[in-house]
Amino acid sequence: MQEIINNNAQRHHENFWQVVKSYYQLTKPRIILLLLITTSSSMWVAAKGEVDPLLVLVTVTGGALAAAAANTINCLYDRDIDYIMERTRHRPLPSGRIQPRDALIFAIALAAASFTLLTTFANLLAALLAMSGIVFYVLIYTHWLKRHSTQNIVIGGAAGAIPPLVGWAAVTGDLTWAPWVMFAIIFLWTPPHFWALAMYIRNEYAEVNVPMLPVISGNETTAYQIWLYTLIMLPATFLLVFPLQASGLVYGAIALWLGGIFALKAWQLLKNPDDQDMARGLFKYSIYYLMLLCAGMVVDSLPVIHHFNTVLAENMQSLIGGIIGTILGA
Ligand code: HEM
Ligand SMILES: CC(C)=CCC/C(C)=C/CC/C(C)=C/COP(=O)(O)OP(=O)(O)O
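Residues numbered from 1 in each chain as written. Chains lettered and ligands numbered in written order. Predicted model: local features only at pLDDT ≥ 70, side-chain atom pairs only at ≥ 80, totals over all residues. Heavy atoms only, no water.

### Focus on the site of ligand 2
In step 1: Around ligand 2 there are 18 residues in total, and Arg87, Arg91, Tyr137, Tyr141 and Lys146 lie nearest to it.
In step 2: In this structure, Tyr137 approaches ligand 2 through a side-chain N or O atom, which is 3.0 Å from an oxygen atom.
In step 3: Out of a free accessible area of 640 Å², ligand 2 has 88% covered by protein chains.
In step 4: Among the secondary structure elements, those contributing two or more residues to the shell around ligand 2 are helix H3 (53-77) and helix H6 (124-145).
In step 5: At 5 residues, H3 tops the list of elements feeding residues into the shell around ligand 2.
In step 6: Residues belonging to the shell around ligand 2 are distributed by class as follows: 10 nonpolar, 3 polar and 5 charged. (Near = heavy atom within 4 Å. Polar contact = N/O pair within 3.5 Å; in protein donor to acceptor, adjacent residues only side chain to side chain. Areas by Shrake-Rupley, 256 points an atom, 1.4 Å probe, with all protein chains shown as cover. Helix = DSSP H or I, 4+ residues; strand = E, 2+ residues; numbered from the N terminus. Nonpolar A, V, L, I, M, F, W, Y, C, P; charged D, E, K, R; others polar.)

### Thoughts on the coordination of the iron atom of ligand 1
In step 1: Here the protein supplies the iron atom of ligand 1 with just one donor, His193 (NE2), and that contact is 2.2 Å long.
In step 2: Relative to the elements of secondary structure, His193 occurs in helix H9 (residues 177-200). (Donors = N, O, S within 2.8 Å, 3.2 Å for Na, K, Ca; no water.)

### Some thoughts on the confidence of the model for the protein
In step 1: On average, residues of the protein score 95 in pLDDT, and 96% of them reach the 70 mark or higher.
In step 2: In the predicted assembly, ipTM is 0.94 and pTM is 0.94. (pLDDT = per-residue confidence, 0-100.)

### Structural notes on H3
In step 1: A rise of 1.5 Å per residue sets the reference length of H3, with its 25 residues, at 36 Å; its end C-alpha atoms lie 36 Å apart and thus fit the reference within 8%.
In step 2: Capping of H3 at its N-terminal end is provided by Asp52; its side-chain oxygen lies 3.0 Å from the backbone amide nitrogen of Leu54. (Expected span 1.5 Å × (residues − 1).)

### Quick look at the pattern of salt bridges
In step 1: Taken as a whole and judged by the stated rule, the model has 7 salt bridges.
In step 2: Note that Asp78 is salt-bridged to Lys146, the shortest N-O span being 2.7 Å. Note that Asp78 is positioned in the loop between H3 and helix H4 (79-84) and Lys146 in the loop between H6 and helix H7 (152-156), a separation of 68 residues in sequence.
In step 3: Taking relative accessible area as the criterion, Lys146 reaches 7% and is therefore assigned buried.
In step 4: Between Glu86 and Arg89 there is a salt bridge; the shortest N-O distance is 3.1 Å. (Salt bridge = Lys/Arg side-chain N within 4 Å of Asp/Glu carboxyl O. Buried < 20%, exposed > 50% of the residue type's maximum accessible area, 1.4 Å probe, protein only.)

### What about the environment of Gly63?
In step 1: Within the secondary structure, Gly63 sits in helix H3.
In step 2: By relative accessible area, which is 13% here, Gly63 ends up buried.
In step 3: In this structure the C-alpha to C-alpha distance between Gly63 and Ile31, which are 32 residues apart in sequence, comes to 12 Å.

### Observations regarding the layout of surface pockets
In step 1: Its boundaries defined by the atoms lining it, the second largest pocket holds a volume of some 710 Å³.
In step 2: Along its surface, the second largest pocket is lined by 23 residues, and Val241, Gln245, Ala246, Ser247 and Gly248 are the ones closest to its centre.
In step 3: Secondary-structure elements contributing two or more residues to the lining of the second largest pocket are helix H2 (29-46), helix H13 (276-301) and helix H14 (303-329).
In step 4: Residue contributions to the lining of the second largest pocket peak at 7 residues, all from H14.
In step 5: The residue inventory of the lining of the second largest pocket, partitioned by class, reads 12 nonpolar, 9 polar and 2 charged. (1 Å grid on protein atoms, 1.4 Å probe; cavity = no way out; pocket = protein on both sides within 12 Å on 5 of 7 lines; lining within 4 Å. Points joined across faces, edges and corners; volume = space filled by probe spheres on them.)

### Some points on unusual backbone geometry
In step 1: Residue Phe242 is joined to Pro243 through a cis peptide bond whose omega torsion reads 10°.
In step 2: Summarising the element assignment, Pro243 is placed in the loop between helix H11 (213-238) and helix H12 (249-271).
In step 3: Here the phi dihedral of Lys28 falls at roughly 50°; this positive angle occurs in a residue that is not glycine.
In step 4: By secondary structure assignment, the location of Lys28 is in the loop between helix H1 (2-26) and H2.
In step 5: Phi at Asn209 takes a positive value of approximately 60°, unusual for a residue other than glycine.
In step 6: For Asn209, the position within the fold is in the loop between helix H10 (202-207) and H11.

### Here we look at empty space enclosed by the protein
A probe matching the size of a water molecule, rolled over the atoms, marks out where space remains unfilled.
In step 1: Applying the stated criterion across every chain, the model contains 1 cavity of 30 Å³ or more.
In step 2: If you add up the space inside the largest cavity, you get close to 60 Å³.
In step 3: If you trace the largest cavity, you find it lined by Thr38, Ser41, Pro164, Met182, Ile185, Ile186, Leu290, Leu293, Cys294 and Met297.
In step 4: Among the elements of the structure, H2, H9 and H13 are those that each provide at least two residues to the lining of the largest cavity.
In step 5: Here the lining of the largest cavity takes 4 residues from H13, the largest share from any one element.
In step 6: Of the residues that constitute the lining of the largest cavity, the class distribution is 8 nonpolar, 2 polar and no charged.

Here's what the structure looks like:
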């Protein structure tokens, strides 16, 4: 008898953790992690390296709840095609581990918690921006564009670029040029990020009639588009240094190094558009790229680095002055 009770208790325990795990999976947690990295790095730049840790905690939690709500509704909406694609078949909704009605209640609760947390402990602008991220991602990307346009992720990608706006707004209460440049960087980063992935799983998207660019226009055109977006994204990363001076030369050097590798990988793919390993390589690198670029912004904003940045800038100035002087003098 005691053994049966023990077994039942153990089974209940296992079931409970399985349910928690399914809800966790529904939120696409790994994508949220990168969204939060972009949010917090923007906070660091906004606060010039001296950010209130409690505000970071609140904003990151509020942002995570909003992104989790957005991803949950996306999973709910896409459960029909997710059921067909191998990569997504085992998600909680298509595999029947969570009921659609429960997912909807979960998403609404997450969004409400996010709004409450952000308005109470950050500010209304940050909360409204996070909510606009959910609405944009769900309505514009998931509902309107994903199944109808090859430009789905170009326009829909704007949702994924909102988190740095949330972070900046939480710190300063308004939006200046710098957060919009961060928005632009992620907006321009999204097509290379996603199309590289879509190039090596295009058969899956073709199977469910989602008009991703490689399915409709082929690998050559997609690789060319990836190359173009990369070429526009790279200069955008330097706008934070010049003319905005929101970040210094340490960040500039990191952006140059990381961007060089990005360009090299995009160029190699352009020359070998049917090479799936190269496409996979660029997709994986795109994730590290954004993480490290954000880390670069944070490191650059730290007060200890400020001094170093100033010395570097002065030396650069006299170096450039010297070069111009030599040219003019010659
Ligand atoms: C509309 C824009 C975007 C689309 C369509 C898109 C699409 C995808 C897809 C289909 C995957 C593969 C997921 C899987 O294997 O289940 C993926 C992975 C990933 N995406 Fe994006 N993405 C977009 C924007 C973003 C943004 C803005 C971020 C963060 C800043 C991001 C971060 C990631 C990360 C970290 C992964 C790897 C997840 C893992 O390892 O499981 N994505 N993306
Ligand atoms: C501020 C805020 C709340 C922003 C939220 C923005 C957000 C959740 C962006 C995520 C982008 C993303 C993972 C798209 C994948 O969609 P998909 O449906 O094409 O991928 P799938 O084929 O794997 O389902």
